Structures are given as C-alpha cells and as structure tokens.
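In case you want the letters, here they are:
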Amino acid sequence: MEFNLSTYFNSFDVEKDYSIDISDIDSKLESVTNSLANNPESINFNSELLEDLIELTHGYKTLDLKHQKQLAYLITSSLSTISHQCSNSIESGDFVDSIDTFKACLEKFGYLLFVLLIYLGKEDHGQAHLSGSKSKSSSGSQAMTKWKANCTQVEDAVDVISSVVKIDLSKIFVTTPEKDLFIELFTRPMFHLMEVPERMKVNSIKMLMFKSIAILVKFHGHASVIQNSVLQSLMYYTHLPGYMAELLHILDQQYDYNVLTEEVLREISQIEFNSNDSNGPKSISEFLIKLSELSPRLILKQMSCIAQLLDNSNQTLRCSVVETCGNIVVDIIKNQEVIGESSERNDSHNSNQQIDGLLDLLQERFLDQNPYVRTKAIQALTKICNLPVKFTARRQQIVALSVRSLDDKSTLVRRNSIKLMSKLVLTHPFSAVHGTQLSYEFWKSKLDEAEAELEKYIPVAPEKNKRLNKISEDEEDEDNADKMEIDEKEDDDKENDVNNKGKNEDANESESSIDHDELNASMMEQEQNLPDTNVLVKVKLTVQYYQDAVEFIEILQTGTNIVSRLLFRK
C-alpha cells in the first residue's frame, strides 16, 4: 500500500470506531513484533506489515491492557531505533543514500505514535483522580493501576519524541511544509496531553514535553505554531498559565531563546477581552505573575507593551501588571546585591532608571479607581521595602502615600497601608548613627546642631569701608550749604562748585582704590578660612541626613494620629 502522511493525518478521527479483527490479535502482534525486532525498516517494503500496524493502532482503544502495552512498546522502541540510526548517519555524513528510507520510516512510525498519543490522551481516568491513593476499594485501585500504566506509556512516547526532534530534520525533509507536517505529529498530541490537569502534575512527563517543544522552537523554526498553541492554552485552560510561564522560562534559561516570549507578551498586550469574559483575564493574569517570578527580565523587556493593560477596564489584569512590576523591582535589587561592586557603572545607572520608572508606575496605582489594584500597589511596595536597600528619597514619598491612604474609604487599603507604614518604620534608613529610635526632639536637636555647624562655613559679604561712608556724608553737607547761599554769593558758588568737583573726583578715585583693595583682602581672608572640600561636603550631607529623618518622623506622627483615630472608630 502507498502511504501518504498528509492523507492519513487529515483523515484520522479519534471519535471514529475503527474495525479490527480481534480473533487473531495475539498472532498478529507476534508476527509484527518479530518483523520489527529484526529490522524496523521492514515497514517500508512490507505493505502487509504496515497495514497490520495501522489496523492495530487505529483499534487501540478496543484492545485489552496487555495488548495495549505491547503495541505501545513496539511503536516507541521501533521509532527510537530509527531515530538513533538516522542521527548517527547524519553525524557521520553518510546519509545521502539513506535519506528516502529514513524519511519513510520516520513518517510512518511518527504517524503511528501520533495516533497512539491521541488515544492515550483521550482515555478517561477520572475515577482514579477522584479515588486517589486513599481509596482501598477494588474499583479505585484498578483505576489507579490503569492511570499509572497510561502515564508510563505516555512518558515512553514523549521520551522518544525528545530523541526524534534532536535529528537535523532539515536534511531529511527537504521542503518546509513536509517538515512542519511531520513536527505537527508530535506538537498537537503533546498540547492535547497538557489539557488534563493531573497529567501536568507528573513532573517527568511535563519536563519531557517542555524539552521537546523547546528544541522544536529553537532548532526547527516552529515558534509561530507554538506561539498560537501557548495563547490558546492560556485562554481556554485555567490550569495551564503557570505551566506556560514555566515553558517559556525553560526556553530562555536552558536554550537562550526569548523571541517566543516577547511575541507572546506583545500578543497578550493587544488582546481585547469581552466584558463578560472572566476566565481569559484571570488566566492571563496568572501567567504574567508566574512569568515575572520565574523570568522577570523577560517581562521587563516588553514592559512598554504590558503597561498598556493598565488601561484595561478589567481589574484583574491591572492587579497582575502591578504585582509584576513589584516582582521585577525585587529581582533587579537582588541582582544588584549579588553583582555588587563588580558591575559596571552604566549597568548600575540603567538599573536605577528602570527601578525609578517601575516605582513611579506603582505609586501612580495608589490612585487607581479600584481598591484591589490600590491594595496590590501597596503590597508590592511593602515587599520592596522589606529588602536591604535605602531609597531614602523614595521612601519619603512612599511613607507620605501610605499615610494618605490611611484615609481611603476601603478597609482593605487602610489595613495594608498600616502594614506598609510598620514595614517602613522597621526598616528605616536612619539607624546607622543613633540607633533605631525615632524621637522627634532628639533628631530635631541634632538637625539644629548640624545647621549651626554649616553656618560657620557660609561666606559673609565684606563690610563697607567707614572712610567711604564719611566722605559721602561730607559731600551731602557741602551740597546743602551751597544751595542755601546761591542768592548771596553766585561767584563764590561757582568757585566752590569747581573745588567740590575736584574733591568729588579725588574722593571717587580714593573710593575705587579702597573698594578694590578691601574686596580683594576680604576675599583672600575668606578663601583662607574656607574648610577642606571634603569637610564641607560632609557637613552638608549631615544636614541633609537629619532633615530627611525629621521629615520622616513628622510624616509618621501624622500617620500615627490617623491610626489612633481609626482605632477608636466604632
């Protein structure tokens, strides 16, 4: 028979009841097993063998458990053998003459494995999940036995897929459509397997599927198909958002590929949700939060896109973006602590800019119309303030916002504002010099002392020369006398005017010379009296330190008064 992968792939229907002759199942399985054990490539030139295999696989759900296990092992072991032979031939360079054979074998066994995985994924094991390990009934134990057998078969099949995808498929499948169709034999059933929540709890199966998908994305250009599958998983299956975040995290960490994550985040930022849709926004929110915990830097690169969700009317999405910002800031600060002094200044400057931008965004959410979003912003800042980082100027703004939020109409917001205030008090940055106590009188006195010390170093303008003042007064007296004697002695006044003019010129010359001399002398004297630059900087920083502390205490006093009022409220 002529085998066409596209035809078989498109015509297979898992809901269809395929006819199978169950009278000679044992003999058929024994014959097929013997043929493939000797040479798996015999499936290419023995049409009867291929027909029997397809018939048995299509009728998989009608077989008993023993025959199912036997058939599953036969398919997985044969495909594993072919994949290793193909991989070794490509690595040695001696594969040109065997390309057609390898291609035919991979397509046929790949199709059989596709059908097998579809059936395994469709098996109903609800009784096993409900019964669990606590059930001691016979029906419960049988259901659990079947579930474990199913998981073992699935794990073996996915393990073979991880071997197949390591082959350089571009050398076997010349055209892209052929390669994509072959790859879809594995991606489609794997995403179907993920639809069962209990299946994803089996870590070995989950990690094998993630490994295979990551290899397909990284080395086989299958990112666009996987992107669509990831988005569908996020939108329609409420248990998958965390697992999809984990998949993208593995792709980034182990395979150094983040393009898929960036495209998924861009796509999410452009989704328009129906006002009646609650599952979609909730799933997207869980995905963003989980991804920000695992790979916060991936979200940071696309923060401009994700921030668009803050304009969405859905409060769940806005809450997730706020929590994501908090997780990113925490990650940046922790990385700065790990890197420490070895980091370059440019990197440190960029990190500080990123932190400032994210903190600004969090502070803006204090004014969000929804109390849950406001609460998330407060909780995010509480988590950040718990880290060993000062942010003195920023803390002043945060404590002021927390005090303002004490008057919020929402009890939830007020409660978390008090928690934030207490965290700010416990982690305040003014404990290095005078201990942790924040007595207003003590800190105010220290501020006064520091300001008095600073005034000693402030330059004073030079005093005017007394001689200049005296000359100016004499000139005014002489002018007044001249005006009173104008009518009596006009001639004398002319002579006096000439004489006074000469005196004024002499006085101006004297004033000019004396002014420059005294100014220079005063400047030289002040320059000699100026302290060392380091001392002056230290004094200024001391004043600023005590000013920040006093301002911090004053804001806290306002907050404690509000809290006291709240405590006595009925």
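Note that this is a predicted model, so its numbers are computed, not measured. (Residues numbered from 1 in each chain as written. Predicted model: local features only at pLDDT ≥ 70, side-chain atom pairs only at ≥ 80, totals over all residues. Heavy atoms only, no water.)

So, about the overall build of the protein. Each helix and strand in the protein was counted, giving 27 helices and 0 strands. The 570 residues of the protein split such that 44% are buried. Considering only contacts in the protein between residues 6 or more positions apart, those separated by 24 or more positions represent 76%. Working note: accessible area of the protein is about 31100 Å², and carbon and sulfur atoms make up 47% of it. (Helix = DSSP H or I, 4+ residues; strand = E, 2+ residues; numbered from the N terminus. Buried < 20%, exposed > 50% of the residue type's maximum accessible area, 1.4 Å probe, protein only. Contact = heavy atoms within 4.5 Å. Areas by Shrake-Rupley, 256 points an atom, 1.4 Å probe, with all protein chains shown as cover.)

With respect to the helices and strands, the residue Q302 is situated in the loop between helix 16 (296–301) and helix 17 (303–306). On the basis of relative accessible area, Q302 is assigned to the buried category, the value being 7%. Here Q302 is in contact with E262, L265 and R266, once residues within four sequence places are set aside.

Moving on, we get to the nonpolar core. For soluble globular proteins, nonpolar side chains are generally found buried alongside one another. With 155 residues, the main nonpolar core has F12, Y111, L113, M194, M244 and F287 as its most contacted residues. Those residues in contact with L113 that sit more than four places away from it in its chain are I75, T76, L79, A157, I161 and F186. (Core = buried A, V, L, I, M, F, W, Y, C linked by side-chain atoms within 4.5 Å.)

Take the packing of aromatic side chains next. Summed over the entire model, instances satisfying the criterion amount to 18 aromatic pairs. Measuring from centroid to centroid gives 6.0 Å for F12 and F114, while their planes differ by 70°, and the two rings are edge-to-face. Of the two residues, F12 sits in the loop between helix 1 (5–11) and helix 2 (25–38) while F114 sits in helix 6 (residues 99–122), which places them 102 residues apart along the sequence. Each member of the pair F12 and F114 is classed as buried. Ring centres 5.1 Å apart and planes at 85° place the aromatic pair F182 and F186 in the edge-to-face group. Note that F182 and F186 are positioned in helix 9 (residues 176–193) at a spacing of 4 residues, about one turn of the helix. (Phe/Tyr/Trp six-rings, centres within 6.5 Å; stacked < 30°, edge-to-face > 60°.)

Moving on to the packing of helix 14 (residues 259–269) against helix 15 (residues 279–294). The description of two packed helices rests on the angle between their axes and on the distance between the axes. Following both chains from N to C, one finds helix 14 and helix 15 inclined at 145°, their axes separated by 12 Å at the closest point. Crossing hand, helix 14 versus helix 15: left-handed. Here helix 14 contributes T261, V264, L265 and I268 to the contact with helix 15, which in turn contributes I284, F287, L288 and L291. Tallied by class, residues from the contact of helix 14 with helix 15 come to 7 nonpolar, 1 polar and no charged. (Axes fitted to C-alpha atoms, helices over the stretch in contact; angles between N-to-C directions. Left-handed = near helix turned anticlockwise from the far one by under 90°. Nonpolar A, V, L, I, M, F, W, Y, C, P; charged D, E, K, R; others polar.)

As a further point, take the pattern of salt bridges. Across all of its chains, the model carries 18 salt bridges by this definition. A salt bridge links R297 to D331; the nearest nitrogen and oxygen atoms lie 3.2 Å apart. Taken together, the residues span a long stretch of sequence, with R297 in helix 16 and D331 in helix 18 (residues 315–339) at a distance of 34 residues. Two residues, R318 and D368, come together in a salt bridge whose shortest N-O distance is 3.0 Å. Taken together, the residues span a long stretch of sequence, with R318 in helix 18 and D368 in the loop between helix 19 (345–364) and helix 20 (371–385) at a distance of 50 residues. Judged by relative accessible area, D368 falls into the buried class, the value being 6%. Here the residues in one salt-bridge network are E262, E263 and R266, joined through shared partners. (Salt bridge = Lys/Arg side-chain N within 4 Å of Asp/Glu carboxyl O.)

Right, let's talk about unusual backbone geometry for a bit. Backbone geometry places D256, a non-glycine residue, at a positive phi of 50°. Within the element layout of this structure, D256 appears in the loop between helix 13 (241–253) and helix 14.

With 16 residues, helix 15 extends 23 Å from end C-alpha to end C-alpha; this agrees with the ideal 22 Å at 1.5 Å per step. Residues of helix 15 that are buried: G280, P281, S283, I284, S285, F287, L288, I289, L291 and S292. (Expected span 1.5 Å × (residues − 1).)

In this section: empty space enclosed by the protein. All told, the structure shown has 1 cavity of 30 Å³ or more when counted by the stated rule. Considering only enclosed or pocket space, the largest cavity measures out at about 50 Å³ in volume. The wall of the largest cavity is formed by L359, L381, I384, C385, V389, K390, F391, R394, R395 and I398. Counting residues per element, the ones that place at least two in the lining of the largest cavity are helix 20 and helix 21 (392–405). (1 Å grid on protein atoms, 1.4 Å probe; cavity = no way out; pocket = protein on both sides within 12 Å on 5 of 7 lines; lining within 4 Å. Points joined across faces, edges and corners; volume = space filled by probe spheres on them.)

What follows concerns the confidence of the model for the protein. When pLDDT is low, close inspection of the predicted coordinates is not appropriate. Per-residue pLDDT for the protein has a mean of 84; in total, 82% of the residues score no lower than 70. Put simply, helix 25 (residues 466–484) is where the protein has its lowest mean pLDDT, 47, and helix 11 (residues 203–219) is where it has its highest, 96. Scored below 50 in pLDDT, residues 481–491 shows 6 contacts in the model against residues more than four places distant or in partner chains. (pLDDT = per-residue confidence, 0-100.)

Note on placement: S170 falls in the loop between helix 8 (138–164) and helix 9. Taking the C-alpha atoms as reference points, S170 and F219, 49 residues apart in sequence, are found 9.8 Å from one another.

So, about the packing of helix 12 (residues 223–236) against helix 13. It is at 9 Å that the axes of helix 12 and helix 13 come closest, and there the two elements cross at 155°. Classed by the angle they form, the pair helix 12 and helix 13 counts as roughly antiparallel. Contacts from V230, S233 and L234 of helix 12 reach helix 13 at P241, M244 and L247. Considering only residue class, the contact of helix 12 with helix 13 consists of 5 nonpolar, 1 polar and no charged. (Parallel < 35°, antiparallel > 145°, perpendicular 65-115°, else oblique.)

Here we come to helix 22 (residues 411–426). With 16 residues, helix 22 ought to run about 22 Å at 1.5 Å a step, and its terminal C-alpha atoms sit 23 Å apart, in line with that. Taken together, the buried residues of helix 22 touch helix 20, helix 21 and helix 27 (533–567). The residue sitting at the N-terminus of helix 22 and contributing the capping side-chain oxygen is S410; that oxygen lies 3.3 Å from the backbone nitrogen of L412. (Polar contact = N/O pair within 3.5 Å; in protein donor to acceptor, adjacent residues only side chain to side chain.)

What follows is about the environment of S295. Residue placement: S295 occurs in the loop between helix 15 and helix 16. Judged by relative accessible area, S295 falls into the buried class, the value being 5%. Separated by 42 residues in the primary sequence, S295 and Q253 have C-alpha atoms spaced 8.6 Å apart. Not counting the four nearest positions on each side in its chain, S295 is found in contact with H249, D252 and Q253. In terms of polar contacts, S295 uses its side chain to reach the side chain of H249, at 2.5 Å.

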